[in-house]
Amino acid sequence: MFTHQLKYELIGLLRSRWIQLLSVLLLLLCLFAAYNGRQKVDQRLEAIATAQQEVQEGDARALALIDSIADGHAVNVSSWQMPDKPATIGNYYPRVAYMPPKPLALFATGQSDMFAHYVKPSMRGEAMMLDFTEMTNPVQLLFGSFDLAFVFIYLLPLIVIAFTYDLLSREREQGALRLIAAQPLSVLHWLWQKTLVRILVLGTLLSLALLLSLALQGALTADTLPDLLLYWLLSLAYMVFWFALAFLINLLGQSSSQNAVSMLSLWVLFVLLIPAVVAQLGNSLYPVPSRAGLVNELRLVTAEVNEKADDILSNFLRDHLELASEEEQQTGFWERYLASQRVIQEEIRPVLNTYEAQLAQQQQWTQRGKLLSPALLLQDSFNELSGTSNRHYEHFRSEVVRFAEDWRAFFMPLIFKNQAVDKNVMAELPTFTYTETGDRLSGFSNFLVILVYVLLVVAGGFVYFRRQGLESVLA
Amino acid sequence: MIFRITLKELKENLREGRIRLSLLIVLALLLVSVFISRGYYLSVQQQHAEAKEAARDVWVSQDEKNPHSAAHFGTYAFKPKYPLALIDQGVDKYAGISIYLEAHNRNEAQYMAAADQTALSRFGELTPDFILLFIIPLLIILISYNAFSRENEQGTLRLLKSQGLNMWSLAMGKWWSVFLPVMLLCCLLFGVAAIFLGSLEDFGTLAPAELLIMLLVFLLYYAVFINLSLLVSALSKNSGISLVLLLSIWILSCLAAPKAANNLANGLHPYPTRMAFEAAIAEDKKNGLDGHDPWNQEAIRLEKAVLTEYGVDSLHQLPFNFDGYRMQKSEEHEADIYFKHYAYLREQHERQTDIYQATALFSPFLPARFLSMAIARTDYHTHWDFADAAENYRIQMQAALNNDFAQKTSYGDWSYKADRKLWESIPDFSYDPPELGEILQTNVLNIVILLLWFGLSLGGLFFATSKL
Amino acid sequence: MIEAINLSKTYKGGTGGIRDLNLNISGGQIFCLLGANGAGKTTTINVFLNFLQPTAGQALINGLDVSREGLKSKNYLAYIPENLQLYPNLSGLENLAYFSGIAGKDYEQEQLEEFLREAGLQADAYSKRTQAYSKGMRQKVGIAIALAKQAKALLLDEPTSGLDPKASNEFAETLSQLKDKGVAILMATHDLFRARESGTHIGIMREGRLLETLQAGDVNHSELEKLYLTHMN
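Residues numbered from 1 in each chain as written. Chains lettered and ligands numbered in written order. Predicted model: local features only at pLDDT ≥ 70, side-chain atom pairs only at ≥ 80, totals over all residues.

Summing up its helical and strand segments, chain B has 17 helices and 3 strands in all. Relative to the compact-globule value of 23 Å for 468 residues, chain B shows a C-alpha radius of gyration of 29 Å, a clear excess of over 25%. Considering only C-alpha atoms, chain B reaches an extent of 105 × 45 × 35 Å along its principal axes. Relative to its 468 residues, chain B shows a buried fraction of 46%. (Helix = DSSP H or I, 4+ residues; strand = E, 2+ residues; numbered from the N terminus. Rg over C-alpha atoms; globule rule 2.2 N^0.38 Å. Buried ≥ 20, exposed ≤ 12 C-beta atoms within 10 Å, placed from the backbone.)

Here is the structure:
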């Protein structure tokens with residue numbers, strides 16, 4: 001029975017101008033979106049590569065100068081730029097601390113347009129205060145990106161709606177429904193099978209469009225396969241959710257255009273309104289205090305600490321005898337600075353903690369709130385898989401802070417002991433390695449939640465039909 | 001006749017449960033969003049005011065020190081929120097709120113609010129501008145997608161024609177029946193906003209004219225959508241197709257076109273990364289004047305020039321402290337370097353803006369968005385204006401400090417410590433956003449495009465009704 | 001009142017349309033146009049309504065050429081379309097008021113109710129929304145609209161299709177009253193029975209041509225049927 005219906009439905013669908021148009025549209029959208037995503041990733045890679053090259057060139061210059069100084073030549077460089085001084089290397093020859101894009105980063109821009117993907121932490125500047133936001137036209141951030149995530153979250157449901165809003169109503173309006181209802185089969189099952197055929201057709205089209213666009217952008221490789229599978233499953237589940245809604249709405253027995261209106265209202269609800277409301281609630285319940293207050297706090301603390309710089313330094317050295325130089329302690333700028341930085345960090349930590357605590361609360365709220373809409377679930381997973389979620393940037397930030405600490409710690413003994421920098425020291429400079437955080441589990445659990453949504457809606461449809469009977473559908 | 005038709009259409013629409021419900025929901029959303037927006041605005045204003053006061057306090061009560069040390073200590077410029085931000089928050093969430101003003105460096109605005117939020121907020125928030133720009137056009141589509149197609153399907157269109165009704169009159173009657181409730185909603189929103197704004201202390205700066213012009217922008221935007229809805233409805237074979245088409249137009253205008261413009265603008269005229277930008281500036285600085293080290297080439301040239309100008313042999317003989325003078329010159333040179341680099345940035349910004357304006361030919365949403373933001377002073381242009389004002393202030397502040405050192409001491413005297421009098425003599429930073437006239441002038445192209453959309457869509461509607 | 005002089009309307013494909021139609025319907029006459037689907041009955045009516053432009057000949061309403069004086073000619077005619085659905089959220093009374101107002105005739109409520117009564121609609125339905133009306137009830141509103149127009153010419157497209165015998169009979173009564181008032185009526189229909197019963201003249205159309213015109217009284221029902229079928233073959 002299913003194969004019979006399948007055959008005729010397919011013939012009807014494939015001959016339909018409408019369907020052909022929708023398929024082409026879907027393909028074009030995916031291709032365009034993937035191209036955009038690739039462009040952004042390329043920009044990111046290029047920026048990182050350029051930065052790394054600059055570091056290499058800088059190092060080469062430094063080594064050359066160090067050699068000259070070692071050989072006793074005079075060099076035309078200001079004293080505070082002498083590369084044999086540890087403070088100079090520490091400040092003016094930083095390393096690139098970068099977060100490489102994940103292989104499928106082109107899928108979802110997420111938060112990547114807001115944050116920088118590489119920084120060069122020096123000894124100066126409180127690392128935890130480093131501004132990680134990228135320099136960009138804020139209009140770009142306001143409008144967002146035309147990436148695959150946009151196509152799937154926003155546009156795919158509309159394509160499904162266009163595909164299904166008159167599934168049953170058209171048959172009724174054309175008079176064919178009564179004819180079918182007069183046959184020995186359940187109208188409910190008949191409708192469900194009709195829906196299934198379309199799920200198959202659109203699902204296939206979607207998968208092909210996705211594969212083609214990713215392949216063209218070179219994102220189909222062995223190591224992307226597991227993530228790709230998850231993307232694919234999530235997208236299909238989301239698509240099926242909208243088909244399920246269409247199934248339910250059609251059962252209500254309204255006219256075609258009433259169906260379309262109902263489905264579109266649901267689209268507005270799940271894709272626009274619920275996310276906006278959840279976001280707003282998050283902001284209202286757990287508002288992050290204004291950073292405006294933070295700047296003054298920081299300055300006050302810095303000013304206080306700088307006043308007691310000498311005392312701090314002596315206290316510091318008492319606690320860190322290993323750093324005391326054998327020669328007379330040079331109470332130079334850097335020694336005082338480094339010691340003071342420690343104290344400032346400790347003082348400012350509690351203030352920063354309040355920001356982070358509120359942000360963490362918001363994140364938690366988001367994790368709970370996302371359950372209210374499949375669109376939210378999808379966005380969450382896409383960002384995770386693409387490595388462009390808030391969590392990724394926070395992780396990157398903490399890695400950078402840790403590296404900045406290591407960097408500073410590396411130079412501290414050198415500065416305090418007034419050691420010179422030579423080839424060996426240069427070779428031992430700390431390098432940044434980014435440890436990837438992967439979380440496929442949350443993606444999978446989001447997938448399951450969407451399936452639950454699907455089941456609930458379909459079950460709702462069946463229950464409604466059982467209760468209302470055939471009349472409401474045929475009316 | 002048109003009035004009669006409008007009345008009947010209104011009666012019909014208001015009896016439609018779906019439309020009534022939607023109107024109520026939109027009204028509720030608008031009111032909620034205005035309340036939330038007001039709360040946000042008030043809290044941010046307060047925070048900024050407090051921070052501004054605290055920053056000033058920190059500045060004037062700093063210890064006695066060398067003016068150049070005070071220059072390094074610096075102060076902060078906070079970006080004020082303009083009252084109309086209550087209605088349209090524009091790009092404020094994505095632009096920094098404070099700029100650190102210190103010697104030798106022009107800093108970018110820090111702490112964009114969005115960086116402290118989750119990815120959820122990228123979906124859009126429940127703000128008045130979200131409802132006004134996205135939801136109300138949907139409401140328009142919902143009310144009018146079948147305006148003509150249902151008359152056709154019901155058979156009433158033929159009857160109307162046989163009664164001698166002119167189709168254009170019918171179109172106008174329907175047009176007003178959609179416009180009036182929408183206009184009412186808007187006026188209500190703006191009325192409530194006006195009441196809120198009137199209760200603010202600094203309302204005096206806000207002219208009712210601005211509120212009115214903003215209202216007009218939105219009404220024009222809605223007029224375009226009504227034209228498009230009726231036009232598509234008149235040309236469509238059935239209501240279902242009409243709805244799908246109109247929705248596609250909405251998606252294209254409000255979501256797809258802006259995003260595509262983004263990608264295009266970013267691809268063709270990208271901004272440099274922050275690191276690269278700073279590196280380029282550092283590079284230029286290295287080759288330029290250096291305020292701390294007298295062994296720099298430029299400094300030597302300057303020294304010679306000044307000595308010659310004053311006809312003396314040594315710096316000690318100058319009537320001012322050369323160190324102070326040289327530091328000021330260095331500061332000016334660095335400011336020039338920044339100016340050059342920021343000019344490039346501004347160029348990229350303008351090229352990107354050109355792309356947005358070109359894309360506006362595909363989307364009435366874009367000019368309306370930009371106009372609304374501009375009038376609310378929450379657009380990128382205002383942010384640039386603020387940043388430039390802060391930079392000018394910084395330059396003047398540096399000059400005042402360095403010149404004080406140059407005038408009050410003689411060469412080699414580093415023991416000089418300025419006190420509170422000097423700190424207080426430097427006025428607090430205050431920023432006034434551009435005037436309405438200036439804003440309208442800058443945005444004249446957006447106004448023209450929106451009017452073009454209105455004219456063309458009205459013409460299209462005329463053409464479509466003639467085909468009925 | 002309703003006149004067609006060598007009226008032709010041809011379409012680009014060559015199919016459909018009407019050719020060399022000649023009609024002259026005066027007040028007090030009911031002309032029933034019979035024919036298969038696609039014979040040109042609705043096209044004829046559409047031309048008189050100026051929904052279509054004739055390719056040759058003239059269509060006149062009250063002596064006015066409809067293609068030249070379309071709006072003016074509409075003052076003299078009333079029309080009841082096939083399958084009229086009305087505005088579902090408005091009541092029968094409100095629908096009537098609206099359509100009458102469009103035609104430039106503003107009536108008081110009592111007058112409107114009188115028209116509805118004349119058209120045969122039951123009083124308790126006047127204020128109910130038309131989405132609850134049966135086909136017969138909707139058609140009665142259509143008749144009321146035509147009555148309210150007080151026009152001298154009436155065009156009807158398949159008025160009895162889908163009506164039960166009682167409603168059909170009520171319709172016939174109204175038609176007769178209109179005829180007695182001197183209205184010229186052109187009715188396109190499949191209903192041979194009604195044509196013979198209510199009509200004064202009958203015309204049989206095929207492929208756009210009026211094959212035969214006769215007086216309704218000259219044939220009985222079975223003769224009419226035979227005649228019709230003969231022309232159809």
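This part covers the overall build of chain C. Within chain C, the regular secondary structure consists of 8 helices and 10 strands. Taken over C-alpha atoms, the radius of gyration comes to 17 Å for chain C, in line with the 17 Å a tight globule of 233 residues would show. Here chain C holds 233 residues, and the buried ones make up 46% of them. A separation threshold of at least 6 residues defines the contact pool for chain C, and within that pool the share at least 24 residues apart is 68%. (Contact = placed C-beta atoms within 7 Å.)

All names here are of chain C. Side-chain alternation along strand S6 (residues 77-80) places Leu 77 and Tyr 79 on one buried face and Ala 78 and Ile 80 on a second face that is also buried. Here 4 bridges tie S6 to strand S7 (residues 153-157), and the two strands are oriented parallel to one another. Within S7, the position partnered with Leu 77 by the bridge is Ala 153. (Pairing = 2+ DSSP bridges.)

With that out of the way, let us pick up the interface of chain B and chain A. Many authors give the size of an interface as the accessible area that is lost as the parts come together. On the side of chain A, 70 residues touch chain B, which itself brings 67 residues to the contact. Taken together, the elements giving at least two residues each to the side of chain B that touches chain A come down to helix H2 (17-60), strand S1 (75-78), helix H4 (128-144), helix H9 (239-268), helix H10 (274-286) and helix H12 (322-359) of chain B. Partitioning the side of chain B that touches chain A into residue classes produces 40 nonpolar, 18 polar and 9 charged. (Nonpolar A, V, L, I, M, F, W, Y, C, P; charged D, E, K, R; others polar.)

Residues and elements named next belong to chain C. Burial analysis of strand S9 (residues 201-206) places 5 of its 6 residues in the buried class, the great majority of the element. In this sheet, S9 lies alongside strand S3 (residues 30-35) in parallel orientation, the contact comprising 5 bridges. Directly across from Gly 35, in S9, lies its bridge partner Met 205. Bridge count for S9 against strand S10 (residues 209-215) is 6 bridges, and the pairing is antiparallel. Looking at the pairing, Met 205 lines up with Leu 210 of S10. With antiparallel pairing between neighbouring strands as the criterion, S9 and S10 make up a hairpin whose turn holds 2 residues, including Glu 207 at a positive phi of roughly 45°.

As a further point, take the interface of chain B and chain C. Chain B puts 16 residues into the contact, and the matching count from chain C is 19 residues. Of all the elements in the fold, those that place two or more residues in the side of chain B that touches chain C are helix H1 (2-15) and helix H6 (156-162) of chain B. Looking at the side of chain B that touches chain C, its residues break down into 3 nonpolar, 6 polar and 7 charged.

Now for unusual backbone geometry. Residues and elements named next belong to chain C. Of note, Asn 6 is a non-glycine position whose phi angle comes to about 45°, a positive value. One can find Asn 6 in strand S1 (residues 2-9). Of the residues examined, Asn 6 has 12 C-beta atoms within 10 Å and is grouped as exposed. Even without being a glycine, Glu 158 presents a positive backbone phi close to 50°. Tracing the chain through its elements places Glu 158 in the loop between S7 and helix H6 (165-181). Here Glu 158 falls in the partly exposed class, since 18 other C-beta atoms lie within 10 Å of it.

Right, let's get into helix H11 (residues 291-307) of chain A. Taking 1.5 Å per residue as the helical rise, H11(A) with its 17 residues ought to reach 24 Å, and the 25 Å between its terminal C-alpha atoms agrees with that figure. For H11(A), the complete set of buried residues consists of A:Arg291, A:Ala292, A:Leu294, A:Val295, A:Asn296, A:Arg299 and A:Val305. (Expected span 1.5 Å × (residues − 1).)

Domain assignment breaks chain C into domain 1 (2-76 + 152-232) and domain 2 (85-150). Top contributing element to the side of domain 1 of chain C that touches domain 2 of chain C by residue count: H6(C), with 3 residues. (Domains from an automatic or database assignment.)

Note on placement: A:Thr366 falls in helix H13 (residues 333-369). Counting along the chain gives 53 residues from A:Thr366 to A:Gln419, while the straight-line C-alpha distance between them is 51 Å. The residues contacting A:Thr366, other than those within four sequence positions of it, are A:Gly282, B:Thr118 and B:Leu120.

Looking now at the packing of helix H3 (residues 92-102) of chain C against helix H4 (residues 109-119) of chain C. Residues and elements named next belong to chain C. At a closest axis distance of 10 Å, the pairing of H3 and H4 adopts a crossing angle of 110°. The angle between H3 and H4 places the two elements in the roughly perpendicular class. Here H3 contributes Gly 92, Leu 93, Leu 96 and Ala 97 to the contact with H4, which in turn contributes Leu 112, Glu 113, Phe 115 and Leu 116. Across the contact of H3 with H4, the residue classes break down as 6 nonpolar, 1 polar and 1 charged. (Axes fitted to C-alpha atoms, helices over the stretch in contact; angles between N-to-C directions. Parallel < 35°, antiparallel > 145°, perpendicular 65-115°, else oblique.)

The next subject is the sheet that holds strand S2 (residues 98-102) of chain B. Residues and elements named next belong to chain B. As summarised here, the arrangement of the 3 strands in space is S1-S2-S3, forming an open sheet in which the pairing is antiparallel. In this open sheet, the two strands that pair with only one neighbour each are S1 and strand S3 (105-106). Sheet topology note: the S1/S2 ladder contains 4 bridges and is antiparallel. Looking across to S2, one finds that Tyr 76 is bridged to Tyr 100.

Its 44 residues place the ends of H2(B) 64 Å apart at the C-alpha level, agreeing with the 64 Å of an ideal helix rising 1.5 Å per residue. Residues of H2(B) that are buried: B:Leu30, B:Ser33, B:Val34, B:Ser37, B:Tyr40, B:Tyr41, B:Ala51, B:Lys52, B:Ala55 and B:Trp59. Among the structural elements, H11 of chain A together with S1, H4, helix H7 (167-198) and helix H15 (420-425) of chain B are those in contact with the buried residues of H2(B).

The next subject is the sheet that holds strand S4 (residues 56-61) of chain C. With respect to topology, 4 strands assemble into an open sheet ordered S2-S1-S4-S5 (chain C), the strand pairing being antiparallel. Since the sheet does not close on itself, it has two edges, and those belong to strand S2 (18-25) and strand S5 (64-65) of chain C, each with one partner.

Moving on, we come to the packing of H4(C) against helix H5 (residues 135-149) of chain C. Residues and elements named next belong to chain C. As a packed pair, H4 and H5 sit with axes 8 Å apart at the nearest point and diverge in direction by 125°. Looking at the two axes, H4 sits oblique to H5. The element H4 and its partner H5 pack so that their crossing is right-handed. When H4 is examined against H5, the residues Phe 115, Leu 116, Glu 118 and Ala 119 are found in contact with a partner set consisting of Lys 140, Ile 143, Ala 144, Leu 147 and Ala 148. When grouped by side-chain class, the residues that make up the contact of H4 with H5 number 7 nonpolar, no polar and 2 charged. (Left-handed = near helix turned anticlockwise from the far one by under 90°.)

On to the nonpolar core. A:Ile161, A:Ala246, C:Leu96, C:Ala144 and C:Ile185 are the most contacted members of the largest nonpolar core, which has 308 residues in total. Among the elements that take part in this core, helix H9 (residues 225-251) of chain A stands out by supplying 18 residues, more than any other. Viewed by domain, this core spans two of them, domain 1 (2-76 + 152-232) and domain 2 (85-150) of chain C, each represented by three or more residues. With residues up to four places along the chain from it excluded, the contact list for C:Ala144 reads C:Leu96, C:Phe115, C:Leu116, C:Ala119 and C:Leu121. (Core = buried A, V, L, I, M, F, W, Y, C linked by C-beta atoms within 7 Å.)

Looking at the element boundaries, A:Gly90 is found in helix H3 (residues 86-92). In the structure, A:Gly90 is positioned 325 residues away from A:Ile415 in sequence and 9.6 Å away in space, judged by C-alpha atoms.

Take the environment of B:Met275 next. Secondary-structure assignment places B:Met275 in helix H10. For the pair B:Met275 and B:Leu120, spaced 155 residues apart in sequence, the C-alpha to C-alpha distance is 27 Å. Sequence-distant contacts of B:Met275, that is, excluding residues within four places in its chain, are made with A:Ala51, A:Ala116, A:Tyr118, A:Val119 and A:Lys120.

Looking at the 2 pairs of chains with contacts, the pair that accumulates the most is chains A and B. In this view chain A stays clear of chain C, with the nearest C-alpha atoms of the two still 13 Å from each other.

This part takes up the confidence of the model for chain C. Residues and elements named next belong to chain C. Model confidence for chain C is summarised by a mean pLDDT of 89, while 100% of its residues fall at 70 or above. No element of chain C has a lower mean pLDDT than helix H2 (residues 70-74), at 85, and none a higher one than strand S8 (residues 184-189), at 94. Predicted complex, confidence summary: ipTM 0.91, pTM 0.89. (pLDDT = per-residue confidence, 0-100.)

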